[in-house]
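A look at the structure
In case you want the letters, here they are:
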Amino acid sequence: MRALAAAVTVVTLLFPYGEKLATPPTVEWAPCPEDAKVQCGTMRVPADWANPLGPTVMLTIARRPALDPAERIGTLVVNPGGPGGSAVNFTFDAPTFFSEELRKHFDIVGMDPRGVGRSTPVLCSQDLVDATPSPLVTSEREYAALIDYNRRLAADCAARTGPVFGHVDTLSVVRDVDALREALGEDKISFYGASYGSLMGEQYAQNYPDHLRALVLDGVMDHSVSVGTFLVQETDAAQDSFDEFVAWCARDKTCVLRGQDIPALWQKLVERATAGTLENPYDRPAKLDVADLTLAAFAAFYQPEWYSFAYYLKDAAGPAAKRALPPVDIIDHSFPPVICSDWYLPITGYPDLRRRLAILRARAPQMLASPLAINSVAACLGWPTAPPNPQKPFAPPPGMPPVLLIGSRHDPATTYMWAERMARQLGPLASLVTYEGWGHVVYDHSTCVSGAADAYLIGLTRPAEGTTCAAVEPKPFGVI
């Protein structure tokens, strides 16, 4: 990406967070090189909020002004998740995601979280990242090698990244968000958090309830689950998405595999991947292992892109073809340090991991394990530091506003059960809108969903209890 505009004001915060700043933080804006309708700026904050006079982090922010200044309500801070997703890019793309009515009333503001994108990103050796072992460990030797790899990766990334590396947890990020709120001159902000961005919204609400006007969580994280629950519920969600793909293929004439036994075809591909003979159908002769194959399926279920995925399986089983699945960014260089800062995912040794993988395989005969969940657990094996922000139940603080939760019934990545669990933890503050369809992050999947979110964000009108939105059949991405 091109560098952001240089004509910005850099602000250094010189006081511990929570104390009144002698000089409030400010950000001066300049047109973004990528889009002149969007303003870009930077702000400095402490790398370690407990050491405000120590090294600093450069945060990059984008702001898309409200379409109708006379009807402007305030600022909607947005985050697309990841961890590793760019909120700056999300702000650039806001017209293709958020409704015009919502953009009429709010400045859309996205800040790349510390360690991500343009905000002092986590830097690692590309060769080392490319050598990531499979998380589907099959022996004591592989288990030991994975721990050794994780320790080498952490050391490499820490050396290349600098002081921010040990402070990319979400609690540090929400402190940054509140510094941004102050820099924007807002008493309160509204927040839309998608996927991992929902954890940011949850923890902002817990720590700064008086500074929050409205909160929408789309693709809801439940930051209270144990490692066993995390693995099982995420794997069940991934398998459910595979089953939904098979059901679609049986009913939709555009499925190139219609009439075939897809589980049997898949099993043959898994066997070839296990034997090391399965080639990437769009990058031959590069080989796919089982983890690669399940990740390809998982990525296709995000939108979902069933039409393209059917071609992918057909081509994997046959000759080479000039096609591709649409890109989905799931794993970023910032993924391990963020996950291992926010989650306590203990594994006691290879026998423990082997037992857990066997449980998952029995529940998910095709997907074997959620790629997102098993990558998270595997990435933190042997991580050199304990998580500063581990799981705990959500306890709504006094003064917290109501929360709109959006749950997709067939979400492959943040299981619908997590939306239900968060609704129970929030109690009367929760309004759960259920999308009876497919995909991960679904504001833009249905006018019913976006309408409910807009009504709440704009007018603070909560949907009726038990609100559901009908499924919308996914449109084919097409063949490249």
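Below is a summary of the structure that appears in this document.

Each value, and the rule that gives it
- Residues numbered from 1 in each chain as written.
- Predicted model: local features only at pLDDT ≥ 70, side-chain atom pairs only at ≥ 80, totals over all residues.
- Heavy atoms only, no water.
- Helix = DSSP H or I, 4+ residues; strand = E, 2+ residues; numbered from the N terminus.
- Rg over C-alpha atoms; globule rule 2.2 N^0.38 Å.
- Buried < 20%, exposed > 50% of the residue type's maximum accessible area, 1.4 Å probe, protein only.
- Disulfide = S-S within 2.5 Å.
- Pairing = 2+ DSSP bridges.
- Contact = heavy atoms within 4.5 Å.
- Axes fitted to C-alpha atoms, helices over the stretch in contact; angles between N-to-C directions.
- Core = buried A, V, L, I, M, F, W, Y, C linked by side-chain atoms within 4.5 Å.
- Expected span 1.5 Å × (residues − 1).

1. Focus: the overall build of the protein
When its secondary structure is counted, the protein shows 16 helices and 10 strands. Relative to the 2.2 N^0.38 estimate, which gives 23 Å for 480 residues, the radius of gyration of the protein is 22 Å and therefore close to what a compact globule would have. C-alpha atoms of the protein, sized along the principal axes, occupy 65 × 45 × 45 Å. In the protein, which comprises 480 residues, the share counted as buried stands at 56%.

2. Remarks on the state of the cysteines
Counted under the stated rule, the structure contains five disulfides. In this model, C32 is linked to C40 through a disulfide, with the two sulfur atoms separated by 1.8 Å. On the S-S bond that ties C32 to C40, the torsion sits near 105°, and the link is right-handed. The same class applies to C32 as to C40, namely buried. In this model, C124 is linked to C157 through a disulfide, with the two sulfur atoms separated by 2.1 Å. Disulfide C124-C157: torsion about the S-S bond near 120°, hence right-handed. Placement of the pair is C124 in the loop between strand 5 (106-111) and helix 4 (126-130) and C157 in helix 5 (residues 140-161), with a sequence separation of 33 residues. Exposure remark for C124: the relative accessible area of 11% places this residue in the buried category.

3. Notes on unusual backbone geometry
That bond from G82 to P83 is cis: its omega, -5°, falls within 30 degrees of zero. Assignment of secondary structure puts P83 in the loop between strand 4 (74-79) and helix 1 (87-92). Looking along the chain, the bond that leaves R284 and enters P285 is cis, with omega of 10°. Here P285 is to be found in the loop between helix 9 (262-275) and helix 10 (290-300). Even without a glycine there, the phi angle at L368 is positive, about 70°. Here L368 is to be found in the loop between helix 13 (350-363) and helix 14 (371-379). Unusually for a residue other than glycine, V441 sits at a positive phi of about 75°.

4. A few points about the sheet that holds strand 10 (residues 468-469)
On the basis of which strands lie adjacent, the open sheet formed by 10 strands has the order 1-2-3-5-4-6-7-8-9-10 and mixed pairing. Of all the strands in the sheet, the pair left with one neighbour each is strand 1 (30-31) and strand 10. Pairing of strand 1 with strand 2 (residues 39-46) involves two bridges; the strand directions are antiparallel. In the sheet register, P31 faces strand 2, and the bridge partner there is Q39. Contacts between helix 15 (residues 416-426) and the sheet are confined to strand 8 (403-410) and strand 9 (430-438), with strand 8 contributing the most and set at about 155° to the helix.

5. Description of the pairing of strand 2
Working note: regular strand, side chains alternate between the two faces of the sheet. Counting buried residues along strand 2, six of its eight residues qualify, which places the element largely inside the surrounding structure. Judged from the eight bridges that link them, strand 2 and strand 3 (residues 56-64) form a sheet pairing that is antiparallel. Bridge pairing in strand 3 links Q39 to R63.

6. Let's talk about the nonpolar core
Core analysis: the biggest nonpolar cluster contains 119 residues, and M43, F245, F301, F309, L313 and L405 have the highest contact counts within it. Excluding residues that lie within four positions of it along the chain, L313 makes contacts with F245, L257, I262, L265, W266 and L269. Counting 26 residues, the second-largest nonpolar core is a separate cluster that includes V78, V216, L404 and V433.

7. Considerations on helix 7 (residues 196-207)
Relative to the 16 Å expected for 12 residues at 1.5 Å per residue, helix 7 spans 17 Å between its end C-alpha atoms, a close match to the ideal helical length. Among the 12 residues in helix 7, 11 count as buried, and that is most of the element. Where helix 7 is concerned, the buried positions are Y196, G197, S198, L199, M200, G201, E202, Q203, Y204, A205 and Q206. Buried residues along helix 7 sit against strand 4, helix 6 (170-184), strand 6 (189-194), strand 7 (212-218), helix 12 (335-342) and helix 15.

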